[in-house]
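Single-letter residue listing:
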Amino acid sequence: MSTRRIGALAMSALLVMSVFAGFTGGALAQESGNAPDDGSTDTMYYVQQGNTCTPLETFGDGSTTVEEFYDYRIPELNDDGTVNDETYPQHDYSSYGTEAFQESQHSRLMVYEGAEGVSLVVINDELDDGNPAAANMTFEMSENSLDWAVMDDDYSGEPYGTPDDEFASDRVYWQWNGQRTDGGALRGLESEDSLTITPELSESIEGIEFLSGSSADDYDVISLEESEFTVVRSTENPCETDTEEPTTEEPTTEEPTTEEPTTEEPTTEEPTTEEPSDGEDGDDGGADDGGDSGSDGGAAP
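Residues numbered from 1 in each chain as written. Predicted model: local features only at pLDDT ≥ 70, side-chain atom pairs only at ≥ 80, totals over all residues. Heavy atoms only, no water.

Examining the overall build of the protein
Right, on to step 1. Looking only at helices and strands, the protein has three helices and 16 strands in total.
Right, on to step 2. Evaluated residue by residue, the protein yields a buried proportion of 39% over its 301 residues.
Right, on to step 3. In the form shown here, the protein has an accessible surface area of approximately 18,400 Å², with 43% of it arising from carbon and sulfur atoms. (Helix = DSSP H or I, 4+ residues; strand = E, 2+ residues; numbered from the N terminus. Buried < 20%, exposed > 50% of the residue type's maximum accessible area, 1.4 Å probe, protein only. Areas by Shrake-Rupley, 256 points an atom, 1.4 Å probe, with all protein chains shown as cover.)

As structure tokens, then:
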């Protein structure tokens, strides 16, 4: 078996290189719904997370139902309705058809083309790995056309006991012991333009991955972050069609402002002339003319 573990961006580069190199074998071989090599515009599936979109090869050729592919098993019952302990292995309530794709302490997804439609398949953990774990996923559909074709686990009541998984149309909660797997299949993907998945994994789960290929002997492993991702059905790469044209801002030129020179009129001060102040008149110091100073004296006769 050839299994390649690569990142989503590297997967995109590999597919582009293979087109130019004319490579047509192995995991990139053309199957129904897979990447065409004749330039046609067939519908393809992509997994998109952030700004990275990776084309997906779908498993299955449309001849087998997803129920047969997944091969979910529960214990056989006796005629009286009790569990047959002689034929009951500890890892019943598990998927036997996906053993070649299972990975210990990992959640894995794939697109499967079955006889009754295209399904999203989820496979949690590996048979008999000895490590219990749990996972929760919510689903946001564009057309609300998906239904659970396989629910691992879907037992309820006697004689199987109380179910520990919860399934709804838009979410699922799984928990499993160390001998079993959990998972399921949502059918009707061919009628959805997009399916957004938000995972929440327990600490014991080491990673979440998408598988792309045509068989269990040769497939690629696309590692994802534990955050929202979307399965897109499209004739074009959604990361290329969603690219926005860059906006160019026109440079703004400010007109220079010219300040008019201000001319100040010179100020001329009129000279101030002080009038001399009149002094006070002094007393004239001249002697008065005296009168006749002699007295007429006659001689005595």
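Re the sheet that holds strand 3 (residues 52-56)
Right, on to step 1. Taking strand neighbours across the sheet as the criterion, the seven strands line up as 3-2-16-13-8-11-10 in an open arrangement whose pairing is antiparallel. The open sheet has two free edges, formed respectively by strand 3 and strand 10 (166-167), since each of these has just one partner strand. (Pairing = 2+ DSSP bridges.)

Notes on the state of the cysteines
Right, on to step 1. Under the definition given, this model contains one disulfide.
Right, on to step 2. For Cys-53, the disulfide goes to Cys-239, at an S-S distance of 2.0 Å. Sign of the S-S torsion, about 75 degrees for the bond between Cys-53 and Cys-239, identifies this disulfide as right-handed. Of this pair, Cys-53 sits in strand 3 while Cys-239 sits in helix 3 (residues 238-241), and the two are 186 residues apart along the sequence.
Right, on to step 3. Accessibility expressed as a relative area gives 5% for Cys-53, which makes it buried. (Disulfide = S-S within 2.5 Å.)

What to know about the packing of aromatic side chains
Right, on to step 1. All chains considered together, the criterion is met by eight aromatic pairs.
Right, on to step 2. Between the aromatic rings of Phe-101 and Tyr-219, the centroid separation amounts to 5.4 Å while the plane-to-plane angle is 50 degrees, which identifies the pairing as tilted. Here the residue Phe-101 occupies a position in the loop between strand 5 (94-95) and strand 6 (106-114), and Tyr-219 occupies one in strand 15 (residues 218-224), the gap between them amounting to 118 residues.
Right, on to step 3. A residue is classified by how much of its surface remains accessible, and Phe-101, at 3% relative accessible area, is buried.
Right, on to step 4. On the accessibility criterion, Tyr-219 (2% relative accessible area) is buried.
Right, on to step 5. A network of ring pairs unites the aromatic residues Phe-59, Phe-69, Phe-101, Tyr-112 and Tyr-219 as a single cluster.
Right, on to step 6. Sitting above the plane of the Tyr-96 ring, Arg-73 keeps its charged end 3.9 Å from the centroid. (Phe/Tyr/Trp six-rings, centres within 6.5 Å; stacked < 30°, edge-to-face > 60°. Lys NZ or Arg CZ within 6 Å of the ring centre and 35° of its normal.)

Thoughts on the side chain of Thr-230
Right, on to step 1. Structurally, Thr-230 can be placed in strand 16 (residues 229-234).
Right, on to step 2. Apart from the residues within four sequence positions on either side, Thr-230 is in contact with Tyr-46, Val-47, Gln-48, Ser-194, Leu-195 and Thr-196. (Contact = heavy atoms within 4.5 Å.)

Let's talk about the pattern of salt bridges
Right, on to step 1. Enumeration over the complete set of coordinates arrives at six salt bridges.
Right, on to step 2. Arg-171 is the partner of Glu-166 in a salt bridge, and the nearest nitrogen-oxygen pair spans 3.8 Å.
Right, on to step 3. Of the residues examined, Glu-166 reaches a relative accessible area of 44% and is grouped as partly exposed.
Right, on to step 4. Classification of Arg-171 as partly exposed rests on a relative accessible area of 36%. (Salt bridge = Lys/Arg side-chain N within 4 Å of Asp/Glu carboxyl O.)

A word on the nonpolar core
Right, on to step 1. Counting residues in hydrophobic clusters, the biggest one holds 30 residues, and the most contacted among them are Phe-139, Ile-197 and Phe-210.
Right, on to step 2. Top element by residues in this core is strand 8 (residues 133-141). It accounts for five residues.
Right, on to step 3. With residues up to four places along the chain from it excluded, the contact list for Phe-210 reads Val-47, Leu-56, Leu-109, Met-110, Val-111, Leu-120, Asp-220, Val-221, Ile-222, Leu-224, Phe-229 and Val-231.
Right, on to step 4. Ranked by size, the runner-up nonpolar core spans 17 residues in total, among them Val-66, Tyr-72, Tyr-112 and Val-221. (Core = buried A, V, L, I, M, F, W, Y, C linked by side-chain atoms within 4.5 Å.)

Remarks on the pairing of strand 3
Right, on to step 1. Of all the five residues making up strand 3, four are buried; the element is thus mostly covered by neighbouring parts of the structure.
Right, on to step 2. As judged from the five bridges shared by strand 2 (residues 44-49) and strand 3, these two strands associate in the antiparallel manner. By the bridge assignment, Val-47 is partnered in strand 3 with Thr-54.
Right, on to step 3. In this structure, the hairpin formed by strand 2 and strand 3 is closed by a connection of two residues, where Gly-50 is found at a positive phi of approximately 65 degrees.

These figures capture arrangement, not role.
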